[in-house]
Amino acid sequence: MSNISQSSATSAVVVHATRATVDTNTRDQFSAMLASGVPAVVKWSILAGQNDPSIGQGTISSTGLYSPPPMLSRDTITVEVKAALQSNPSLSRTYLLTVTPGFVQSLTPENASLAPGGSVRVTGELAEINAGSIQWSLAPSVSGASSPAGAGYGSISKTECSHSSQTYTYCSAIYTAPASQPANSAPIYIVASVPNNVESVAAVHVLLNGSGFNSSALQNQAAQTGSVEMGSSGGNANDYDSSQDAHGDRYVNDCCGGTLGALVQDANSNLYILSNNHVLAESDQARTGDTIIQPALIDLNCDPQAGRTVGALRNIVPLQSSQTNVDAALAAATPAVDPSGAILQLGSPANGVLSSAAPAAGSGEALTAGTLNQLHIVKSGRTTGLTCSTVDTVNLSVQVDYYYDCAETEPLYTKTYTNQIGIPGAGFADSGDSGALVMDASNAEAVGLLFASGAGEDNSGFSVANPIQDVLTELGQSSFGATQQFQIVGGAPHPVMCSNYDRNSAPLGASLSAAQLSAVRSAADTASDLLMRPDNGVLGVNTGRSLDRPEQAAVLIYVDKSKAKVPVPKLINGMRTVVIATDEAGASSQIAPGSPAPGIHLPDDVLRTAAQVQRQYAGQLMSDPAFFGVGVTQSFDNPAEAALLVLVDPKKTPESMPDTIGSLRVRYLKINRLHVTRSRFSKATGPTSCKLRRAPR
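Everything quoted here is computed from the prediction, not taken from an experiment. What you see as residue numbers is a count from 1 along each chain, following the sequence as written. Totals for whole chains, interfaces and linings use every residue, but because this is a predicted model, local features are given only for residues with pLDDT of at least 70 and side-chain atom pairs only at 80 or more, for both listing and counting. Hydrogens and waters are ignored; side-chain quantities use all the structure's heavy atoms.

Our focus in this paragraph is the sheet that holds strand 40 (residues 575-582). Spatially, 37-38-40-39 is the arrangement adopted by the 4 strands of the open sheet, whose pairing is mixed. Looking along the sheet, the strands with just one partner apiece sit at the ends: strand 37 (538-545) and strand 39 (571-572). Here 7 bridges tie strand 37 to strand 38 (residues 553-560), and the two strands are oriented antiparallel to one another. Across the sheet, Val541 pairs through a bridge with Ile557, a residue of strand 38. Following DSSP output, two strands are said to pair if at least two bridges run between them. Put simply, DSSP H or I for four residues or longer makes a helix, DSSP E for two residues or longer makes a strand, and each gets a number counted from the N terminus.

Below, the structure written as structure tokens:
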């Protein structure tokens, strides 16, 4: 957005702001110039504002960076910012900035899968007290603010807001799906926007399914009154951040929580709740015997006394040790826990609602080339509920940051894991799903324990799970006294229904530059000369875009699908190649490459060779601060080949990004560093609504 300035003919100072309107989640950069256009050295200050004085008007740094107040006392406030020349303070200029309330967190639920005619209540939380409202609409994208064409996308009704001086403003609405599934399969978003600021939006992703079930995370987040089932919200009763006010009283200003993943038992049939260390043991900060509650504090307005006791912390695999390779802990289960090990929404529909069901009992399923080939995975977690995806990365080395506090502002420890499981998709999981059991959707066999996730700016997303056998083994080694053997409590194998929210969310590549287009045309000419020979299986050559790295141009090579292993170089004149298996007709029509098949579909020998390359180069690659993960995946550019997947921090610039490493192609995924407690949707840097309630002490 271009700079906005305010000045007058009588003023010697011109003030610029990046935005004329911000919300409570967005900072604004100010600058000042003399009327002649020369940058001015000024002293910044806030003269006045319309917000309640006890909350404040925000702050501005010596460099002109404005941070809004954590909450507002009215729908919109105006803040007067002053720039005074340091050489002559009598020469100054003021700027009127508009501030609106932002969303405190993501909408609840983040997503929902509905049968025709099904409905779901959606709730948003604004950083405003005693006032405020949300505007609701339906749109085909998160940024859309108007309803999609046609009336077949459902309706919004029963909108209402709750106001109080003790909590943020809560507004809700009920979305009802159409009575029949529309022919158009485009995604539907319930969009919440803040009046007077079109940039303040949040959304719920809705899938309309023809399988007759309604599913959302509301069931996972609710306080359970009967026997407590797994897949539900839960955590350590002490997992909150507190501060001290001017009177010396302490209050809670943030809190954490995650998912009670599964029930496990030892050889003596003692029952334990399985989840992550950072969920049950506060990232090594908790003590054995701490109370574990359901739901988590994040679903109890951060009230440490409001949860139902379901366990006592027992086994902790320490994070801050180079000898451990999982994020896991156990809590000894109380009689309040369902002893069958049932997990929410894992069963078949009953009256349109997915019932609970136990996972397959035992020690879980190991990932091999055979199981990966047909694998679809499922998890039931606190934040995103029941979701599906695939495994697209194995042998993953990844760095994960842990923090002292729930808002992830005070670094504690960075741990490097090896041989982890990578799961694609921004819709599969979010913070709060940590601790969920990841299972094979075809048989409910445990595959892993979810512990971290992250997302990028281009619809991309990625989650990581510890292999379940490693989890059970390391928990046994952390037992008091002799090593114990733990197994998943459950029943017979059974299929699980689920929803994949990423099916219409393919990452988008930037426009190709003129230089790239020129280079790829030259490379295509070279490819034609080198490869277009009789009977070698190459049917044609074209130009296009790489699928492994969508921001780059690539040479499209059409190969005869009836011939096995047509040799195609990975690079031609330094340009990536994309291999398209087709026939003469497809090559003649120059068809575009299809969407990559999800998952990994490669033989054992190919995966073993790729794992050797990963082990050889992972450490070297991750010595670059921009890279925080390296694993084995399947190439999108040539699905017959393995590739290295490299996770790239978009906030940092890599020293280099080679197209091939060792014998493998390289696929890069730009995503923010993985989160363990803070949602990928969280933007607020100030206190949450929990600050408005004092913690009992």
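Quick look at unusual backbone geometry now. The omega torsion of the bond from Thr108 to Pro109 falls at -5°, within 30 degrees of zero and hence cis. For the bond running from Gln294 to Pro295, omega is -10°, close enough to zero to count as cis. Structurally, Pro295 is set in the loop between strand 24 (291-294) and strand 25 (308-316). In the Ramachandran plot, Asn130 falls in the positive-phi region, its phi being about 65° despite a non-glycine side chain. By the secondary structure assignment, Asn130 is in the loop between strand 11 (119-126) and strand 12 (135-139). Each residue is assigned to one of three classes by its accessible area relative to the maximum for its type, calculated with a 1.4 Å probe on protein chains only: buried under 20%, partly exposed between the two thresholds, exposed over 50%. Take Asn130: its relative accessible area is 48%, and that puts it in the partly exposed class.

Tracing the backbone shows Thr324 in the loop between strand 25 and strand 26 (329-333). Residue classification places Thr324 among the buried residues on the basis of a relative accessible area of 12%. Polar side-chain contacts of Thr324 include one of 2.7 Å to the backbone oxygen of Pro318. Identification of polar contacts relies on pairs of N or O atoms within 3.5 Å, with a donor-acceptor requirement for protein atoms, meaning one able to donate a hydrogen and the other able to accept it, and with residues adjacent in sequence counted only if both atoms are side-chain atoms. There is a polar contact of 2.9 Å between the side chain of Thr324 and the side chain of Lys415. Contact partners of Thr324, with chain neighbours within four places excluded, come to Val317, Pro318, Leu319, Lys415 and Glu474. Here, two residues are considered to be in contact whenever any of their heavy atoms come within 4.5 Å of each other.

Two cysteine sulfurs form what is called a disulfide whenever their separation falls within 2.5 Å. Taken as a whole and assessed by the stated rule, the structure comprises 4 disulfides. Paired by a disulfide, Cys255 and Cys302 hold their sulfur atoms 2.2 Å apart. Disulfide Cys255-Cys302: torsion about the S-S bond near -65°, hence left-handed. With Cys255 in strand 20 (residues 250-255) and Cys302 in the loop between strand 24 and strand 25, this pair connects stretches of sequence that are 47 residues apart. When sorted by exposure, Cys255 lands in the same class as Cys302, which is buried. Two residues, Cys388 and Cys498, share a disulfide whose sulfurs are 1.4 Å apart. The S-S bond linking Cys388 to Cys498 shows a torsion near -75°; that makes this disulfide left-handed. Placement of Cys388 in strand 30 (residues 385-389) and of Cys498 in the loop between strand 36 (487-488) and helix 5 (514-531) is noted, with a sequence separation of 110 residues between them.

Think of a 1 Å grid over just the protein atoms. A cavity is a set of points where a 1.4 Å probe fits yet cannot get out, a pocket is an open set with protein on both sides within 12 Å along at least five of seven lines, and lining residues have an atom within 4 Å of a point. Grid points are joined across faces, edges and corners, and a volume is the space filled by probe spheres set on the points. Under the counting rule described, the total for this entry stands at 2 cavities of 30 Å³ or more. Lining the largest cavity are Asp239, Cys256, His278, Glu282, Ser283, Gln285, Tyr403, Tyr404, Asp405, Cys406, Val676 and Thr677. Partitioned by chemical class, the residues of the lining of the largest cavity number 5 nonpolar, 4 polar and 3 charged. Here the second largest cavity is characterised by a volume of approximately 30 Å³. Together, Asp239, Cys256, Gly257, Gly258, His278, Val279, Val676 and Thr677 line the second largest cavity. Each residue is assigned to one of three groups, with Ala, Val, Leu, Ile, Met, Phe, Trp, Tyr, Cys and Pro labelled nonpolar, Asp, Glu, Lys and Arg labelled charged, and all others, Gly among them, labelled polar. The class makeup of the residues in the lining of the second largest cavity is 3 nonpolar, 4 polar and 1 charged.

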